[in-house]
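What follows is the residue order along each chain.
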Amino acid sequence: MVQLAKGLEGVVVADTALSHIDGENGRLIYCGYEIADLAHGASFEEVAHLLWLGHLPNRADLAEFRSRLAGHRPVPGAVIDTLRALPTTAEPMDVLRTGVSALAASRHAPGPASVEHALSLTATMPTIVAAFDRLRRGLKPIEPRADLSHAANYLYLLSGEAPSDQRTRALDTYLILTADHGLNASTFTARVIASTLSDMGSSIVGAIGALKGPLHGGAPALVLDMLRSIGKPENAEAWLTAALDRGDRLMGFGHRVYKAEDPRSKVLRALAERTSEIDFFRLAVRVEDLALQMLHERKPDRRLYTNVEFYSAAVMHGVGLPDDLFTPTFAASRVVGWTAHVLEQLKDNRLIRPAAEYVGPTGLTFIPVDRR
Ligand code: ACO
């Protein structure tokens, strides 16, 4: 008897030592460390080191690691030419997927997937996203700076100006919070591709495609659309009632695993308070309060809370990112988790190949094409 698990809910397909989600109690750990401790005390680079190498770096290791990462930031001219050939109206997630594919083809690295491949893919994501953003604004892409942190270099590549410490720290914290999250849809995609012994670039291209959907990483810009459409706190109740009466899903609420508040939301809410305009923040808080109340009344057995996307939208907006770069920025962070999972998969690989229950007809009589 094979049991069908729609959406693979609750199915365990791998061991991982990377991150653990305790959905009942709203806890998330990376390699043993509480997410809030890392968000408050570490940098994105330290977290990447932790996820790829299994331990936090000391000061000397970190300096060497930062410089290796920075060394990978420039992309070959062929990649920029590929971006230039795309319409300026293209969706940035489609552009990122294409750019990473072009990078993997032009910087083909032989041999098994390694931390060096992970460094290269992670370092170049901001270069690709920012180059396209500048091209579509009629500006020339600029060269990455090796003296800036990963987050600061990203903001610099977009605007051409070194960002303030406050903006850099806000983005850095966001990147830490979203670097890994168990076997979510995009990470699973990356692991499935790795399990065929394909290259790491292919895993990341596939993962970008999976992240793009609104049920996964595509939600933050839709959260902002919702908040803009509500406009002011007085409109929230009527707007949310109408949306729920229509059967719409509220973007930024609900999660497959969390049945308590997502610990990342708590950190992001506090960060949003510091980075966004006060009226915008008040609106977000009002919408969260009302939506939670209404969802609880309508689905008392579901335990729905805000997910990571709700306040991510406010933080990224506050940092000054355009709405359609929210999901590519999520990808620029999650690439650390994707690549860490690829390395982990390959340590003890077995082809991932689940089964489907056949529900179609049997015994049909074949009729040649000219007699059909
Ligand atoms: N708004 C309204 N109702 C909701 C929401 C929501 N955001 N989320 C879940 N529900 C309801 C569903 O209607 C469903 O009720 P029903 O069984 O009576 O139809 C019930 O709660 C359970 O929903 P499921 O679909 O079983 O939950 P699932 O685990 O499959 O979905 C998901 C999780 C996809 C995140 C869902 O909550 C959702 O669609 N949220 C909105 C989109 C979103 O915020 N996406 C970002 C996710 S976070 C991330 O990936 C980084």
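So, here is what we can say about the structure in this document. Not measured: the values here are computed from a predicted model. (Residues numbered from 1 in each chain as written. Predicted model: local features only at pLDDT ≥ 70, side-chain atom pairs only at ≥ 80, totals over all residues. Heavy atoms only, no water.)

Here we come to the pairing of strand S1 (residues 19-22). The pairing of S1 with strand S2 (residues 27-30) spans four bridges and is antiparallel. Looking at S2, one finds that Ile21 is bridged to Leu28. Hairpin connection of S1 to S2: four residues between the antiparallel strands, including Gly26 at a positive phi of 65°. (Pairing = 2+ DSSP bridges. Helix = DSSP H or I, 4+ residues; strand = E, 2+ residues; numbered from the N terminus.)

What follows concerns a nonpolar patch on the surface. The grouping of Leu8, Val11, Val13 and Leu183 at the surface amounts to a nonpolar patch, some 290 Å² of accessible area in total. Tracing the backbone through its elements, the reader meets Leu183 in the loop between helix H8 (165-177) and helix H9 (185-195). (Patch = residues over 30% accessible without salt bridge, like charges linked within 9 Å, V, L, I, M, F, W, Y side chains within 5 Å. Areas by Shrake-Rupley, 256 points an atom, 1.4 Å probe, with all protein chains shown as cover. Salt bridge = Lys/Arg side-chain N within 4 Å of Asp/Glu carboxyl O.)

As a further point, take the pattern of salt bridges. For the coordinates displayed, the defined rule picks out 22 salt bridges. Taking the shortest distance from any N to any O, the salt bridge between Glu24 and Arg303 comes out at 3.1 Å. Of this pair, Glu24 sits in the loop between S1 and S2 while Arg303 sits in the loop between helix H14 (278-298) and helix H15 (308-319); the two residues are 279 residues apart in sequence, bridging distant segments of the chain. Arg303 sits in the partly exposed class, given a relative accessible area of 38%. Salt bridges here are not isolated pairs; linked through shared partners, they connect Asp133, Arg136, Arg137 and Asp324. (Buried < 20%, exposed > 50% of the residue type's maximum accessible area, 1.4 Å probe, protein only.)

Take unusual backbone geometry next. Excluding glycine, residues mostly carry a negative phi; peptide bonds, for their part, are mostly trans. Positive phi outside glycine occurs at Leu8, with the angle close to 55°. Along the polypeptide, Leu8 turns up in the segment before S1. With a relative accessible area of 39%, Leu8 lands in the partly exposed category. Unusually for a residue other than glycine, Leu197 sits at a positive phi of about 65°. Counting through the fold element by element, Leu197 comes out in the loop between H9 and helix H10 (200-211).

Bringing the packing of helix H13 (residues 263-275) against H15 into the picture now. Their axes nearest at 8 Å, the elements H13 and H15 cross at an angle of 25°. With respect to their mutual orientation, H13 and H15 come out roughly parallel. Where H13 crosses over H15, the handedness of that crossing is left-handed. Of the residues in H15, those touching H13 at Arg264, Ser265, Leu268, Arg269, Leu271, Ala272 and Thr275 are Val308, Tyr311, Ser312, Ala314, Val315 and Gly318. Tallied by class, the residues present in the contact of H13 with H15 amount to seven nonpolar, four polar and two charged. (Axes fitted to C-alpha atoms, helices over the stretch in contact; angles between N-to-C directions. Parallel < 35°, antiparallel > 145°, perpendicular 65-115°, else oblique. Left-handed = near helix turned anticlockwise from the far one by under 90°. Contact = heavy atoms within 4.5 Å. Nonpolar A, V, L, I, M, F, W, Y, C, P; charged D, E, K, R; others polar.)

Our focus in this paragraph is the site of the ligand. Contacts to the ligand come from 20 residues, most closely from Arg249, Leu250, Phe253, Arg256 and Arg302. Here an oxygen atom of the ligand and a side-chain polar atom of Arg256 are 2.8 Å apart. In the complex, 78% of the free accessible area of the ligand, which totals 910 Å², lies under the protein chains. Looking at side-chain class alone, the shell around the ligand contains 10 nonpolar, five polar and five charged residues. (Near = heavy atom within 4 Å. Polar contact = N/O pair within 3.5 Å; in protein donor to acceptor, adjacent residues only side chain to side chain.)

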